[in-house]
Amino acid sequence: MAKGIQAEIQQTKPFPGLEDEAVVSLHRTADQLQGRLSDMLRPYGLSPTQFNALRILRGAGEAGRACSEIAERMVNRDPDITRLLDRLERRGLAARSREGRDRRVIITRITPAGLELLRGLDRPIEEFNRKQLGHLSDPQLRALVKLLEVVRELAE
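Here is what the cut-offs are and how they apply
Residues numbered from 1 in each chain as written. Predicted model: local features only at pLDDT ≥ 70, side-chain atom pairs only at ≥ 80, totals over all residues. Heavy atoms only, no water. Pairing = 2+ DSSP bridges. Helix = DSSP H or I, 4+ residues; strand = E, 2+ residues; numbered from the N terminus. Contact = heavy atoms within 4.5 Å. Axes fitted to C-alpha atoms, helices over the stretch in contact; angles between N-to-C directions. Salt bridge = Lys/Arg side-chain N within 4 Å of Asp/Glu carboxyl O. Buried < 20%, exposed > 50% of the residue type's maximum accessible area, 1.4 Å probe, protein only. Parallel < 35°, antiparallel > 145°, perpendicular 65-115°, else oblique. Left-handed = near helix turned anticlockwise from the far one by under 90°. Polar contact = N/O pair within 3.5 Å; in protein donor to acceptor, adjacent residues only side chain to side chain. Nonpolar A, V, L, I, M, F, W, Y, C, P; charged D, E, K, R; others polar. Core = buried A, V, L, I, M, F, W, Y, C linked by side-chain atoms within 4.5 Å.

### Examining the sheet that holds strand E1 (residues 65-66)
Strand pairing in a sheet relies on backbone hydrogen bonds, with the paired strands running either antiparallel or parallel.
Thinking step 1. Spatially, the three strands line up as an open sheet ordered E1-E3-E2, and their pairing is antiparallel. Sheet topology places E1 and strand E2 (94-98) at the edges, where each strand pairs with a single neighbour.
Thinking step 2. Of the strands in this sheet, E1, E2 and strand E3 (106-110) touch helix H3 (residues 48-60), which is tilted by about 95° from E3.
Thinking step 3. The sheet strands contacting helix H5 (residues 81-90) are E2 and E3, and the helix crosses E2 at an angle near 115°.

Spelled out as structure tokens, the structure:
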């Protein structure tokens, strides 16, 4: 049986409230999942934020996305999307170009090399996700997804 967050972080005093315990538990869980994802992506030379940006660009197709649009869609906020895209471009995984009508707008598109890298990651990511959460039943997963949606929707 899983031990509670209080025992896990070796906290001797009780939490002031159930909300405090839930937030700490959520942060701890997110950190562990993020760390495991980082470890999984390391052999591919990607960080989780780079992987996320590439998936956004793959979803954008030929139209690509402006930097601000990529930032809006990121799972984790990254204060320097431009530098993130610089790294992807240097590796040949993304390409940027100015658009004809408004030369101030720079559109980023995924390259064939970026698409190939993601294709190679599709199955390992599915297996990773199954390994992390596959022990939960479908009703438990649906409940978890719904509860997290409610928390994000009402977060101030």
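### What about unusual backbone geometry?
Thinking step 1. Even without being glycine, Gln 10 reaches a positive phi, approximately 55°.
Thinking step 2. If you trace the backbone, Gln 10 turns up in the loop between helix H1 (5-8) and helix H2 (18-41).

### Some remarks on the pattern of salt bridges
Thinking step 1. Under the definition given, this model contains eight salt bridges.
Thinking step 2. Among the salt bridges present, the one from Glu 8 reaches Arg 28, with a minimum N-O distance of 3.0 Å. Of this pair, Glu 8 sits in helix H1 while Arg 28 is found in helix H2, placing the two residues 20 residues apart along the sequence.
Thinking step 3. Given a relative accessible area of 25%, Glu 8 falls into the partly exposed group.
Thinking step 4. Asp 122 serves as the salt-bridge partner of Arg 58, at 3.1 Å between the closest nitrogen and oxygen. One end of the pair, Arg 58, is in helix H3; the other, Asp 122, is in helix H6 (residues 112-133), with 64 residues separating them in the sequence.
Thinking step 5. Three or more residues are tied together by salt bridges with common partners; here these are Asp 86, Glu 89 and Arg 96.

### A closer look at the packing of H2 against H6
To characterise two packed helices, one gives the angle between the axes of the helices and the distance between these axes.
Thinking step 1. At their nearest, the axes of H2 and H6 sit 11 Å apart, and the two run at 150° to each other. The angle between the axes of H2 and H6 places the two elements in the roughly antiparallel class. Crossing handedness for the pair H2 and H6: right-handed. Mapping the contact onto sequence places Leu 33, Arg 36, Leu 37, Met 40 and Leu 41 in H2 and Leu 121, Pro 124, Ile 125, Phe 128 and Gln 132 in H6.

### Details of the side chain of Gln 132
Thinking step 1. Counting through the fold element by element, Gln 132 comes out in helix H6.
Thinking step 2. Of note is the side chain of Gln 132, whose polar atom sits 3.4 Å from the side chain of Arg 36.
Thinking step 3. Once residues within four sequence positions are removed from consideration, Gln 132 is found in contact with Leu 33 and Arg 36.

### Observations concerning the environment of Ile 107
Thinking step 1. Positionally, Ile 107 belongs in strand E3.
Thinking step 2. C-alpha of Ile 107 to C-alpha of Ala 66: the two residues are 41 residues apart in sequence and 4.6 Å apart in space.
Thinking step 3. Excluding residues that lie within four positions of it along the chain, Ile 107 makes contacts with Ala 63, Gly 64, Arg 65, Ala 66, Ala 95, Arg 96, Ser 97 and Glu 99.

### Focus on the packing of H3 against H6
Thinking step 1. With their axes 11 Å apart at the nearest point, H3 and H6 run at an angle of 110° to one another. On the basis of the axis angle, H3 is roughly perpendicular to H6. Between H3 and H6 lies a crossing of left-handed hand. Of the residues in H6, those in contact with Phe 51, Leu 54, Arg 55 and Arg 58 of H3 are Leu 115, Leu 117, Leu 118, Arg 119, Leu 121, Asp 122 and Ile 125.
Thinking step 2. Here the residues of the contact of H3 with H6 sort into seven nonpolar, no polar and four charged.

### Digging into the nonpolar core
Thinking step 1. Of all hydrophobic cores here, the largest spans 23 residues; its most connected members are Leu 41, Leu 46, Leu 54, Ile 70, Leu 88 and Leu 121.
Thinking step 2. Residue assignment for this core shows that the elements contributing at least two residues are H2, H3, H5 and H6.
Thinking step 3. Not counting the four nearest positions on each side in its chain, Leu 41 is found in contact with Leu 46, Ser 47, Pro 48, Phe 51, Leu 121 and Ile 125.

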